[in-house]
Amino acid sequence: MTEKGEQNVVIVGGGFAGFHVAKQLSKKLDAKRYNLILINSRSYAISLPATVRLVVDAESRLEETSFVKLDKLYANGNGETKVGVVTSVEAQPGVPGGAVVLATGERISYAVLILATGSKWTGSCDIPENEDDVLPFVHAWRQQFAKANHVVIVGGGAVGIELAGEVKGSLPGEFTKKVTIVHGGNELINATYGSSLRKGLEKRLHARGVQFMFNEYIDDILEAGVVGVSTRSGKHISDADLVVSARGGRPNTDYVTSLGEDALNGHGFVKIKPSYAATQSPIHLRFRRYHRLDRAAAGTAKLMWHVPVVVTNVMILISNGRKGGMGYVGLFAGFTLGDWFAWLVKSRDFMVPRFRKDLGY
C-alpha cells in the first residue's frame, strides 16, 4: 500500500455502490500501476434492504446470510479491503491526489478517490459501524419488537412501510400486535410516485391491521420502556410502547467537510460538477442507489454501477411482509405491479441470494 502510494485508487464505502465499483475496477485496472483499496467500516457488506426483516424476525437468521465478507469480489485478487472509518480527506485544489485519514490516525494516500459512503439511518436500521456491536444491536431490536404491544413507526416512506409489513407478518401475536405509521404527508411515500401506488400500499397495509396518522409528526423518539407518545399537534397515543424512527437516511458525508465549508450544500449533500467530480476537489463520486446529489436542483439522481440510470429513475419496489408488496414503473404515465411481482423479485428473500452472488458467494 505504501510502495505505490501515488497510484492508489481508493474507494470509501463498501455498500452496494462501493463494492460494485470496486468489482468493476478490479477487472480493468492494471495491477502493476494501481493499488485498488476499498475502505469500509466493517469487513463485510450488509444487504440494507434486508435490514427491516433482520431486526424483526429472528427465525429469518439473516445475520448468517445478509452479512457478506468483502474478500471475494476482486477479479484475480486485484484489490484489497481495508477495515476503517474515514474521518477526513486531505486535498489541495490544483494538486493531484491527496490522502484520507482514518479514525485510528492512519493516512492512506490516493491518486483517485471515489466516495460511496451512502447514507446514515436512524432507529432499527442504524447498524453500528463496529462489528462487535452489530449482533447485540440486532438481538436487542428483535426483543423489543417481540415484546411490544403497540409499535409506532415514525415515517411512512419505503423503510417505514416495509418495517410495518415485517412486524405484522413475522412475530408471534402478529394479528393482535398494533402497528401505527405516523407520516408527515397526506399519503404514504411522496408525490414522486403515482397516487395508485401510494393508495395501493395504504390499502394493503390497512387490510393487515396497520393504522395511519397522516399530516402528523413525532419529534422525540421515546426511550425503551416508556409508554405513550404525543404528536407535534398534541394527539396522544397512550398505549404506544415502542416508537421506531423510520425517517429515512441522511447523507453520510460529515468527513467531507474537511475539504472546506463549501464542500456540502445545506442538506449535507456533496456539491458536484456535471462530471460527478466534487467542486472542492478532484474527487469522483458514486453513491448508493437512492443517494441524492446536489445538481442544480435537479432532484434525485439514482445511481447504480451496472444498471442503466433510466431504470432506477422510473421504478420502485416496496415489500409488505414475505408475501406481498407493490411496484411502480414511471413509464407511459406510470403503472403499478402487485403482490405476485413484489414477492417474486423482493419480498420472499429481499434479494439476498443475488447480493451474495454479486460479492462472490
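Just so it is clear, the structure is predicted and the values come from calculations on it, not from any experiment.

Quick notes on the packing of aromatic side chains
For the structure on display, the rule yields 7 aromatic pairs. Considering the side-chain rings of Phe 16 and Phe 19, the 6.1 Å spacing of their centres and the 70 degrees angle between planes classify their relative orientation as edge-to-face. Taken together, the positions of Phe 16 and Phe 19, both in helix α1 (residues 16-28) and 3 residues apart, correspond to about one turn of that helix. Centroid distance Phe 19 to Phe 355: 5.7 Å. Interplanar angle 75 degrees. Geometry classified as edge-to-face.

Quick word on the side chain of Asn 40
Looking at the secondary structure, you find Asn 40 in strand β2 (residues 35-40). At 2.8 Å, the side chain of Asn 40 forms a polar contact with the backbone oxygen of Arg 42. Within the local environment of Asn 40, its side chain forms a polar contact with the backbone oxygen of Tyr 44, the two atoms lying 3.3 Å apart. Beyond its immediate chain neighbours, meaning those up to four positions away, Asn 40 contacts Gly 13, Gly 14, Gly 15, Leu 70, Lys 82, Val 83 and Gly 84.

Comments concerning the environment of Asn 252
Mapped onto the secondary structure, Asn 252 falls in the loop between β17 (250-251) and β18 (284-285). As a C-alpha pair, Asn 252 and Gly 268 span 16 residues in sequence and 8.1 Å in three-dimensional space.

Considering the confidence of the model for the chain
Fine structural detail should not be taken from predicted coordinates in areas where pLDDT scores are low. Chain-level pLDDT for the chain is 85 on average; 85% of the residues reach the 70-or-more range. For residues 1-5, every residue scores under 50 in pLDDT, and the model assigns this stretch 13 contacts once sequence neighbours within four places are set aside. Considering only residues more than four positions removed or in separate chains, one finds that residues 284-312, a stretch of pLDDT under 50, has 71 contacts.

About the cut-offs
Each chain carries its own residue numbering, running from 1 in the direction its sequence is written. With the structure being a predicted model, the display of local features is reserved for residues of pLDDT at least 70 and the display and counting of side-chain atom pairs for 80 or more, all residues being used for whole-chain, interface and lining totals. To get the side-chain values, all heavy atoms of the structure are used, and hydrogens and water are removed first. Stacked, edge-to-face and tilted are the three classes for Phe, Tyr and Trp ring pairs, Trp counted by its six-membered ring, which pair at centre distances within 6.5 Å; planes under 30 degrees apart are stacked, over 60 edge-to-face, the rest tilted. Each helix is a run of H or I in the DSSP string that is no shorter than four residues. Each strand is a run of E no shorter than two, and both are numbered from the N terminus. Here a polar contact is recorded for every N or O atom pair within 3.5 Å, except that within protein the pair must consist of a potential hydrogen donor and a potential acceptor, and residues adjacent in sequence are included only if both atoms are side-chain atoms. Whether two residues are in contact is decided by their heavy atoms, any of which lying within 4.5 Å being enough. Confidence scores here are pLDDT values: one per residue, from the predictor, ranging 0 to 100.

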